[in-house]
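Listed here are the chains, written in short residue letters.
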Amino acid sequence: GENVEQHPSTLSVQEGDSAVIKCTYSDSASNYFPWYKQELGKRPQLIIDIRSNVGEKKDQRIAVTLNKTAKHFSLHITETQPEDSAVYFCAARNRASSASKIIFGSGTRLSIRP
Amino acid sequence: DVKVTQSSRYLVKRTGEKVFLECVQDMDHENMFWYRQDPGLGLRLIYFSYDVKMKEKGDIPEGYSVSREKKERFSLILESASTNQTSMYLCASSPPGQGVGAGNTIYFGEGSWLTVV
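This is a predicted model, so every value here is computed, not measured.

Draft legend 1. Up close: the confidence of the model for chain B. Here chain B averages 90 in pLDDT, and 91% of its residues register 70 or above. Contacts of residues 98-102 of chain B to residues separated by more than four positions or lying in other chains number eleven contacts, the stretch itself having pLDDT below 50.

Take a look at the structure:
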């Protein structure tokens, strides 16, 4: 089945600097890659996603890139702010029979230093 | 507004007890999921369901079962709770995918913190 690896597990950056989180996936048939942000004590929420027919997508300070050949995708956060501190999860959608299950990475705890 | 509701936020159960975790969604979604979240392990899929009475095993189904009698409700059952099932459990739902390259956003509930003593 699909396996999603995520690195680093923890990341600390100075406020205003950029943060990059990387993920790799194993199933070349995966075609949808969402990113979720989970603030302390709250549920994970979708922040951005990318489909397999696109190489890059941006939304204000957040961007995702996808390299299908290498089977890896990355989240880039520019001009980081204190409210970016959270745990971030990457995921890959893998079709299984009639359903599509989504497999998550192990998460990255991002801390923004003032 | 999208809503996934987990009825129990915090539970403490004894080893060997039968535990029911209930999840209800009001978005008429076909897909529903149960994950458990543990530090350093991320969100691991236990079971998912793509239709009423249909279910498929995720990556860690051992010790769990599920029930989907109605479209809006997906229950996770621990037949005989054990201490290694102490965790935070997240229910989620999503609409079906529509074709190659289509995505489907997952909506999560607030989570259920289960402690087995």
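Draft legend 2. Focus on the pattern of salt bridges. All names here are of chain A. This structure, assessed with the given rule, holds 13 salt bridges over all chains. Here Lys37 and Glu39 are joined by a salt bridge, their closest N and O atoms 3.4 Å apart. Looking at Lys37, the relative accessible area reads 15%, which means it is buried. For Glu39, a relative accessible area of 31% puts it in the partly exposed group. Here the salt bridges do not stand alone but share partners, grouping Lys37, Glu39 and Lys42 into one network.

Draft legend 3. Looking closely at the sheet that holds strand E1 (residues 4-7) of chain A. Residue and element names in this part refer to chain A. Strand order across the open sheet formed by five strands is E1-E3-E8-E7-E6, with antiparallel pairing between neighbours. Strand pairing shows two members of the sheet lacking a second neighbour, E1 and strand E6 (56-59), which therefore form its edges. Adjacent strand axes in the sheet meet at a mean angle of 15°, parallel and antiparallel pairs treated alike. Direction of pairing for E1 relative to strand E3 (residues 19-25): antiparallel, over a ladder of four bridges. Residue Val4 lies in a different strand from E3, and its bridge partner there is Tyr25.

Analysis parameters
- Numbering of residues starts from 1 in every chain and runs along the sequence as written.
- A letter from A marks each chain and a number from 1 marks each ligand, given out in the order of writing.
- Residues qualify for local features only when their pLDDT is at least 70, as the model is predicted, and side-chain atom pairs are given and counted only at 80 or more; totals for whole chains, interfaces and linings, by contrast, use all residues.
- Remark: hydrogens and water are excluded; side-chain values derive from all non-hydrogen atoms of the structure.
- Looking at any residue, its pLDDT shows the predictor's confidence there, from 0 to 100.
- Only heavy atoms enter the contact rule, under which two residues are in contact if any of them lie within 4.5 Å.
- A pair is scored as a salt bridge if a Lys or Arg side-chain nitrogen falls within 4 Å of a carboxyl oxygen belonging to Asp or Glu.
- Any residue under 20% of the maximum accessible area for its type is buried, any over 50% is exposed, and the rest in between are partly exposed; the area is computed with a 1.4 Å probe on protein chains only.
- Any two strands with at least two DSSP bridges between them are considered paired.
- Note on conventions: DSSP H or I runs of at least 4 residues are helices, E runs of at least 2 residues are strands, and numbering of each starts at the N terminus.
- To obtain each axis, a line is fitted to C-alpha atoms, and for helices this fit is confined to the stretch in contact; angles are then taken between N-to-C directions over 0 to 180 degrees.

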